[in-house]
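Observations on the model geometry
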Amino acid sequence: MDKWDKRFMEMTRLVSTWSSCYKQNRQVGAVIVRDKRILTTGYNGAPAGVESCKERGECLREKLGIASGTRQEMCYAVHAEQNAIIQAAKLGLTLQGATLYCTHQPCSMCTRIIINSGIERVVYEQGYPDDFSIELFTAAGIKLEKYTE
């Protein structure tokens, strides 16, 4: 890890504070970078026009007793990685050869999207209970690195 990795990881932590996730420990931020330039950012939150869990005052997953790392579709939030990639699409930016920095290891759903977006490297800080995502990154030849200071 170099000084740029540290700076971009600091940015992901800042972006995560914009999350509308009800659970403090699941506020996730993502920053996509190429050639030391930030292309897009994303955080986990409800789609535009949909009331978030924070606004509802409860976590749907918690209410339904859904274990972390399972049934990701049962959540109002769009994941941070997905939002960052969607933002690039809205702006007409290619992500080919980019690096995605994320506060948490991507889930297998996000991993599939990351692979198809052309991102070549993913740096994350905190683990996530989804070993299949690691398998997918390995099969696709995408560098997956756990950030350490």
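Bear in mind that the values here come from a model prediction, so they are computed numbers and not experimental data.

Criteria and cut-off values
Residues numbered from 1 in each chain as written. Predicted model: local features only at pLDDT ≥ 70, side-chain atom pairs only at ≥ 80, totals over all residues. Heavy atoms only, no water. Helix = DSSP H or I, 4+ residues; strand = E, 2+ residues; numbered from the N terminus. Rg over C-alpha atoms; globule rule 2.2 N^0.38 Å. Contact = heavy atoms within 4.5 Å. Lys, Arg positive; Asp, Glu negative; His and termini not counted. Charge placed at Lys NZ, Arg CZ, Asp CG, Glu CD. Pairing = 2+ DSSP bridges. Axes fitted to C-alpha atoms, helices over the stretch in contact; angles between N-to-C directions. Core = buried A, V, L, I, M, F, W, Y, C linked by side-chain atoms within 4.5 Å. Buried < 20%, exposed > 50% of the residue type's maximum accessible area, 1.4 Å probe, protein only. Expected span 1.5 Å × (residues − 1). Arc of directions from axis to C-beta. Polar contact = N/O pair within 3.5 Å; in protein donor to acceptor, adjacent residues only side chain to side chain. Parallel < 35°, antiparallel > 145°, perpendicular 65-115°, else oblique. Left-handed = near helix turned anticlockwise from the far one by under 90°.

**Observations regarding the overall build of the protein**
Looking only at helices and strands, one finds six helices and five strands in the protein. Whereas a compact globule of 149 residues would reach a radius of gyration of roughly 15 Å, the protein reaches 15 Å, a difference of no more than 12%. With respect to the principal axes defined by its C-alpha atoms, the protein has extents near 40 × 30 × 30 Å. Here the contacts in the protein between residues at least 6 apart in sequence split such that 58% fall between residues at least 24 apart. When the 19 basic and 17 acidic side-chain charges of the protein are each reduced to a single mean position, those positions are 3 Å apart.

**Looking at the sheet that holds strand β2 (residues 37–43)**
One open sheet holds the five strands; their spatial order is β2-β1-β3-β4-β5, and the pairing between them is mixed. Across the chains shown, the open sheet's two edge strands, defined by having one partner strand only, are β2 and β5 (143–146). Recorded for the sheet is a direction-independent mean angle of 20 degrees between the axes of neighbouring strands. In terms of strand pairing, strand β3 (residues 99–104) meets strand β4 (residues 121–126) through five bridges, oriented parallel. Directly across from Leu100, in β4, lies its bridge partner Val122. Here helix α4 (residues 80–91) sits on the sheet in contact with β1 (29–34), β2 and β3, set at roughly 125 degrees to β2.

**Description of the nonpolar core**
Counting 20 residues, the largest nonpolar core has Ile32, Leu95, Leu100, Ile114, Ile119 and Val122 as its most contacted members. Those elements that place two or more of their residues in this core are β1, α4, β3 and α5 (108–117). A total of four residues in this core trace back to one element, the largest contributor, which is α4. Sequence-distant contacts of Leu100, that is, excluding residues within four places in its chain, are made with Val31, Ile32, Glu81, Ile114, Ile119, Arg121, Val122 and Val123.

**Observations regarding unusual backbone geometry**
At Asp35, a residue that is not glycine, the phi angle is positive and equals roughly 55 degrees. Among the secondary structure elements, Asp35 is positioned in the loop between β1 and β2. The residue Lys36 is not glycine, and still its phi comes out positive at about 65 degrees. Its place among the elements puts Lys36 in the loop between β1 and β2.

**Section: helix α1 (residues 3–16)**
Look at α1: 20 Å from first C-alpha to last across 14 residues, which is about the 20 Å you get at 1.5 Å a residue. Buried residues of α1: Asp5, Phe8, Met9, Thr12, Val15 and Ser16, and no others. One side of α1 carries all its buried residues, which in axial view fall inside an arc of 115 degrees. Looking at the buried residues of α1, the elements they touch are β1, β2, β3 and β4. Between the side-chain oxygen of the N-cap and the backbone nitrogen of Trp4 there are 2.9 Å, and the N-cap of α1 in question is Asp2.

**Remarks on the packing of α5 against helix α6 (residues 131–140)**
Following both chains from N to C, one finds α5 and α6 inclined at 15 degrees, their axes separated by 8 Å at the closest point. Considering their axes alone, α5 and α6 lie roughly parallel with respect to each other. Crossing of α5 over α6 shows right-handed handedness. From α5, Ser108, Thr111, Arg112, Ile114 and Ile115 reach across to α6, where they touch Phe132, Ser133, Leu136, Phe137 and Ala140.

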